[in-house]
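The lines below spell out each chain.
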There are 2 protein chains.
Amino acid sequence: MATPKVEPRTLSGFRDYLPDVMLPRQRMLERVAAVFESFGFAPLSTPALEYAECLLGKYGDEGDKLLYRFRDNGDRDVALRYDLTVPLARLMGMNRDLPKPFKRYHIAPVWRAERPGRGRFREFTQCDVDIVGADSLMADAECIAVGASVLRALGVERFEIRVNNRKLLTAMLDMVRVEGEAALGVLRTIDKLPKIGEAATRELLRTENALDDAAVDTVFRFLALDARSPGTLEAFFEGHATGLLGASELRAVLQAVAEQGFGGAVAVDLSIARGLDYYNGTIYETFVGGLESIGSVMSGGRYDSLLGLYTGEAMPAVGISLGVDRLFSGLQELGLVEAQASVTQALVTVFDDATRPHSYAIANTLRAAGVSAEVFLGAGKLKKQFTYADRKQIPWAVVAGPDELARGEVTLKHLKTGEQHTLPVDALAARIRGA
Amino acid sequence: MATPKVEPRTLSGFRDYLPDVMLPRQRMLERVAAVFESFGFAPLSTPALEYAECLLGKYGDEGDKLLYRFRDNGDRDVALRYDLTVPLARLMGMNRDLPKPFKRYHIAPVWRAERPGRGRFREFTQCDVDIVGADSLMADAECIAVGASVLRALGVERFEIRVNNRKLLTAMLDMVRVEGEAALGVLRTIDKLPKIGEAATRELLRTENALDDAAVDTVFRFLALDARSPGTLEAFFEGHATGLLGASELRAVLQAVAEQGFGGAVAVDLSIARGLDYYNGTIYETFVGGLESIGSVMSGGRYDSLLGLYTGEAMPAVGISLGVDRLFSGLQELGLVEAQASVTQALVTVFDDATRPHSYAIANTLRAAGVSAEVFLGAGKLKKQFTYADRKQIPWAVVAGPDELARGEVTLKHLKTGEQHTLPVDALAARIRGA
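Given the structure is predicted, the values throughout are model-derived calculations rather than measurements.

S.K.: How should I be thinking about the sheet that holds strand 16 (residues 420–424) of chain B in this particular structure?
M.R.: Within a beta sheet, neighbouring strands are joined by backbone hydrogen bonds and run either parallel or antiparallel to one another. All names here are of chain B. The mixed open sheet is built from five strands, whose spatial order is 13-12-14-15-16. Looking along the sheet, the strands with just one partner apiece sit at the ends: strand 13 (373–375) and strand 16. Direction aside, neighbouring strands of the sheet carry axes that sit 25° apart on average. Taken together, the three bridges between strand 12 (residues 346–348) and strand 14 (residues 396–399) define a ladder with parallel strand orientation. From the neighbouring strand, Leu-347 faces strand 14, where its bridge partner is Ala-397. Strands in contact with helix 14 (residues 356–368) are strand 12, strand 13, strand 14 and strand 15 (409–414); relative to strand 13, the strand with the most contacts, it is inclined by about 170°.

S.K.: Would you mind going over the pairing of strand 4 (residues 77–80) of chain B with me for this structure?
M.R.: All names here are of chain B. In this structure, strand 2 (residues 49–51) lies alongside strand 4, joined through three bridges in antiparallel fashion. Across the sheet, the residue bridging to Tyr-51 is Val-78, located in strand 4. As defined by bridge partners, strand 3 (residues 69–71) adjoins strand 4 across three bridges and the pair is classed as antiparallel. Bridge pairing links Arg-71 to Asp-77 in strand 4. Linkage of strand 3 to strand 4, two consecutive antiparallel strands, is achieved through a turn of five residues, within which Asp-75 is found at a positive phi near 65°.

S.K.: Explanation requested: the relation of the copies chain B and chain A in the structure shown.
M.R.: To go from the first copy of the chain to the second, apply a rotation about an axis and then a shift along the same axis. When chain B is brought onto chain A, the operation consists of a screw motion whose angular component is 180° and whose axial shift is 0.0 Å, with 0.1 Å RMSD remaining. Taken together, the turn and the small shift mark the pair as related by a two-fold rotation axis. Among all C-alpha atoms of chain B, that of Phe70(B) lies closest to the rotation axis, at 3.2 Å. A shared binding surface is used by both copies, with 99% of the interface residues of chain B retained as interface residues in chain A.

S.K.: Hey, could you run me through helix 6 (residues 166–175) of chain B in this one?
M.R.: Count 3.6 residues to each turn of an α-helix, and residues three or four apart come out pointing the same way. With eight of its ten residues buried, helix 6 of chain B lies for the most part within the structure. Two residues or fewer after helix 6 of chain B comes Arg177(B), characterised by a positive phi angle close to 60°.

The rules behind each value
Numbers given to residues run from 1 along each chain, matching the order in which its sequence is written. Working convention: letters from A go to chains and numbers from 1 go to ligands, in the order in which they are written. At least 70 in pLDDT is required for a residue's local features to be given in this predicted model, at least 80 for side-chain atom pairs to be given and counted, and no such filter applies to totals for whole chains, interfaces and linings, which use all residues. Pairing between two strands requires that DSSP report at least two bridges joining them. Strands here mean DSSP runs of E at least two residues long; helices mean DSSP runs of H or I at least four residues long; both are numbered from the N terminus. With axes taken as lines fitted to C-alpha atoms, and helix axes fitted only over the stretch in contact, angles between N-to-C directions fall between 0 and 180 degrees. Two residues form a contact once the distance between their C-beta atoms, set from the backbone, is within 7 Å. Copy-to-copy alignment: least squares on C-alpha atoms, limited to residues at pLDDT 70 or above in both. The burial criterion counts other C-beta atoms lying within 10 Å of a residue's C-beta, which is placed from the backbone; the residue is buried at 20 or more, exposed at 12 or fewer, and partly exposed between these limits.

As structure tokens, then:
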């Protein structure tokens, strides 16, 4: 081949996952998927590439600009998916007769042409569960419960799912006479409150969102409400139908979450706004105790009108999305990620060509017993073979030389401690697994 | 939102996988990955998008044309990955100090702008294992053994891995004085032999590849050799170093495969050529008994010079790639795919708001015992709840009305047979699992 040497590099904002990261990350996602399935969510998959028109206009102008959009070889206007929600909406539009409520999970990469930065990538994994076709607030509660179950399954003990209802925010904004695009602007400002504090938020509301002082006061009077105390929200929204509906929805969701045993994991936070404009009911974000600064690890809410854009008929939906990267680094900080540099539990060494069939047989026996084993790809000096195992962080080496084999035995060596034992081949797997 | 209704559609050559396909497909890939890991292959992941220059020139002119290549928002020349081998080569070039032999598997989609057709898609899943940095022919044999183990783990009883060595073909072509691009052309013609037969292949070799009659005869004399019989290849290639090396490599690989207990799964087929130009040693394709017409379900070989393009130093490599779609449809034809339309094993019905906490508790108990359970999202008429379970093909329904609950019992109904039993809540999971 005449091709010249190419400088090997990845695009900025894109990452390789080498086995030492990929292994624990994959184990984490397998556990997450198992929890999803235990609640009856089924996996599905959609293409990476969609017609651009299917994606445009769903993420706001900002989002549209971040699409990886191009003309394909057939001059079609296409784009890489930006999230997993809009493709779900598109899929529901194409498969009207799927039994509802339809419960699915989807774990897959998405692409956004953001400026790369600390913890911000152009390709990242989304991990979503959604329930389509259920009006019942039990569905909202189920998304919260499955999220809480995931965190518990991953060993996270302290976390808080902060719940709000978009109707409360809409009603409050209606009281200060802000609606449409301007309302979304105010919600985005409110979303910054935990990061920038009250003074800066008040300032932004006055300057960027053009609220007067009375309106800003109303916003903060709302945010300071003790939402869980009976009657408080109802008093604030007296006579305002949307506000009262939001209050009753919020209480119903909290009730159903508590009935599932997750009451202690949930708090009401009226400042949770969620940037995306398609949410219209319950919304939530999740913070891990002691790691609040990494941001929400799991968010979502109810979005009843998005799917109608594709299906032509109202189709309620609610979902929750795990921030896989954030969650994984959170678990690392909490010491909940078991380091595993190698999948191989035992290296079976090879003495020479004559004994090689025995090495192969030993490896087959180990694999059949559920122990991952590799046979050294070569033969000769044991020291070289041990060095390979060491560098790969393989815990055990099996030595099967002619003397041992003549006795039907092998030597099992623990590479870190150097301890070694001679034992029958049959006993090998149990010994390694029991270690 | 003012966005108008969008026609929901997918791009030609792209597919959604709904749960009824996704579930058995995912189970299949999980089994495949488990076999890979039992041999010590570790998972890794690379970006979907690469610098175009990293991919160009590796797949031939044909391949380059099939790249999804575009300018990103930063005007970078980028392309979606075309396979998983070139990204591996790029990764090895960036991570020189990974311990070798480096054994990885990678299961992920790739994109090729082919004309879509029966069984040919623009987005499809590749599933590769590769060993980088091992000269030993034991590595070639290991790839064959892991492939055979995968098929056995999936329940495929009759299959044949057809092995050849590129050096034999190169030497044979050298004997008829064909080399370089012309040699690749002849190999591509030979590759068609099983599909188009001897007469048509001879014709193509004369017309398309401009071989004279004597050369065509040599090609067919080579193809007719009984390669396994001792001395046959050696006699044909007497005095030709490359041919003799190919013969000895082939014999060594067959030997090491047999030592691993897979001798019966392997045949020599001198007409296996593999289209890609980077193979330089062992090559193989795999056919399932009775399903030869679907083509090879698993192919690969040794490619010792590809990685050097990125690493700047010789880096031997050998791998095998599963055709996920072909294999899955093959398994379906053989009746080896268990249909599973629903992940949910039991629907817990809801009588009313007062009993709902009990329904939630029952579902939690089932999940903790490893039974996937969902709670009906609503309450009221049991008939409606059973209809939902029926449509979703959920096998069991749990009825927990006030009377049953007062006795600490529930009724378990099998939806297909209509049979039902009353039993204590504690006994529920065991009953469902034992069914």
